[in-house]
Amino acid sequence: MDALLDQLGLSELRRLKPRQMLAQILNFGLILATAFMMWKGLSVVADSPSPIVVVLSGSMEPAFQRGDLLFLWNRNLELNYAGPTPAPGSTFGGTKVGEIVVYNVKGKDIPIVHRVMRRHKGAKTPLNLLTKGDNNYADDTELYPRNQFYLDREEEVIGSVVGYVPFVGYVTILLSEHPWAKSALLGIMGLLVILQRE
């Protein structure tokens, strides 16, 4: 066992007492739990199940490149408001034509980032949106479920883009395209936490 630890460069593990090892494992668990709580807190504040998304394709170029990290907001948007913008007593006026939204198609887990091209209804009926990628020739009706020609703003749109950081999301893309890299990264992080001296 000692020879294997030496070959892997993990001879430091032999020096850790069981109590120290348990403390390091608990520290790693606390780091993961804190990250999860921060994500959930951000979800509540933004009123979006996914307040941060990564652009996965080039369909929104030149506005957004593949790998850009987008921040979403879904609060106080007066989802069904169809009157003048902004609504009385609000800083927001509903989703406007030209606004960039992120939506999920039923049956698919990949968020799509596209611009609103057309909107209709509202006030007493759900606001419906037609979207299109800036770099696409046609609108998104081919992406919507069969016999659906518009998105229901309240049900299918998970947020409007309010900010972005260029290229930071490439790490996420690499980890999703190469599943072994995700396991390796988690393993390395775990080992670093365990081997860390206080």
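Only a predicted model underlies this, so the values are computations on that prediction, with no experimental measurement involved.

Caption draft 1: Layout of the overall build of the chain. Helices and strands together make up the secondary structure of the chain, namely six helices and seven strands. When its helices and strands are written in sequence order, the chain yields α-α-α-β-β-β-β-β-β-α-β-α-α. For the chain, long-range pairs separated by at least 24 residues make up 55% of all intrachain contacts whose partners lie at least 6 apart in sequence. Entry remark: accessible area of the chain is about 12,400 Å², with carbon and sulfur atoms responsible for 63%.

Caption draft 2: A look at the packing of aromatic side chains. Under the counting rule described, the total for this entry stands at three aromatic pairs. Ring centres of F64 and Y164 lie 5.1 Å apart, and the angle between their planes is 75 degrees; this geometry places the pair in the edge-to-face category. Residue F64 is found in the loop between β1 (52-54) and β2 (69-73), and its partner Y164 is found in strand β7 (residues 157-165); the two are separated by 100 residues along the sequence. For F64, a relative accessible area of 6% puts it in the buried group. Relative accessible area serves as the criterion here: at 44%, Y164 is assigned to the partly exposed category.

Caption draft 3: View of the sheet that holds β1. The strand order across the open sheet formed by seven strands is β1-β2-β7-β3-β4-β5-β6, and the pairing between neighbours is antiparallel. At either end of the open sheet lies a strand with only one pairing partner, and these are β1 and β6 (151-152).

Caption draft 4: Just the pairing of strand β4 (residues 111-120), in detail. With five bridges connecting them, strand β3 (residues 100-104) and β4 associate as antiparallel partners. Looking at the pairing, N104 lines up with P111 of β4. Connecting β3 to the antiparallel partner β4 that follows it, the hairpin turn spans six residues, and G107 within it adopts a positive phi of roughly 90 degrees. As judged from the five bridges shared by β4 and strand β5 (residues 128-132), these two strands associate in the antiparallel manner. Along β5, the bridge assignment pairs R118 with L130.

Caption draft 5: Here's a closer look at the environment of V97. Positionally, V97 belongs in the loop between β2 and β3. Separated by 34 residues in sequence, V97 and T131 have C-alpha atoms that sit 9.1 Å apart. Setting aside anything within four residues of it in sequence, one finds V97 in contact with V116, M117, R118 and R119.

Caption draft 6: Broad picture of the pattern of salt bridges. Applying the stated rule across the entire model yields two salt bridges. When the shortest N-O distance is used, the salt bridge between E177 and R66 registers 2.5 Å. Pair noted here: E177 is in helix α5 (residues 170-177) and R66 is in the loop between β1 and β2, with a separation of 111 residues, a long-range link. The exposure class of E177 is partly exposed, given its relative accessible area of 43%. The closest approach of N and O atoms between R115 and D134, which form a salt bridge, is 2.8 Å. Here R115, found in strand β4, pairs with D134, found in the loop between β5 and β6; they are 19 residues apart in sequence, far enough to count as distant.

Caption draft 7: Spotlight on the side chain of T95. Position of T95 relative to the elements: it lies in the loop between β2 and β3. At a separation of 2.7 Å, a polar atom in the side chain of T95 contacts the side chain of R153.

Caption draft 8: Fine view of the side chain of N74. Relative to the elements of secondary structure, N74 occurs in the loop between β2 and β3. Residue N74 is classed as buried on the basis of its relative accessible area, which comes to 11%. In this structure the side chain of N74 is engaged in a polar contact, spanning 3.0 Å, whose partner is the side chain of R153.

Thresholds, definitions, all that
- Residues numbered from 1 in each chain as written.
- Predicted model: local features only at pLDDT ≥ 70, side-chain atom pairs only at ≥ 80, totals over all residues.
- Heavy atoms only, no water.
- Helix = DSSP H or I, 4+ residues; strand = E, 2+ residues; numbered from the N terminus.
- Contact = heavy atoms within 4.5 Å.
- Areas by Shrake-Rupley, 256 points an atom, 1.4 Å probe, with all protein chains shown as cover.
- Phe/Tyr/Trp six-rings, centres within 6.5 Å; stacked < 30°, edge-to-face > 60°.
- Buried < 20%, exposed > 50% of the residue type's maximum accessible area, 1.4 Å probe, protein only.
- Pairing = 2+ DSSP bridges.
- Salt bridge = Lys/Arg side-chain N within 4 Å of Asp/Glu carboxyl O.
- Polar contact = N/O pair within 3.5 Å; in protein donor to acceptor, adjacent residues only side chain to side chain.

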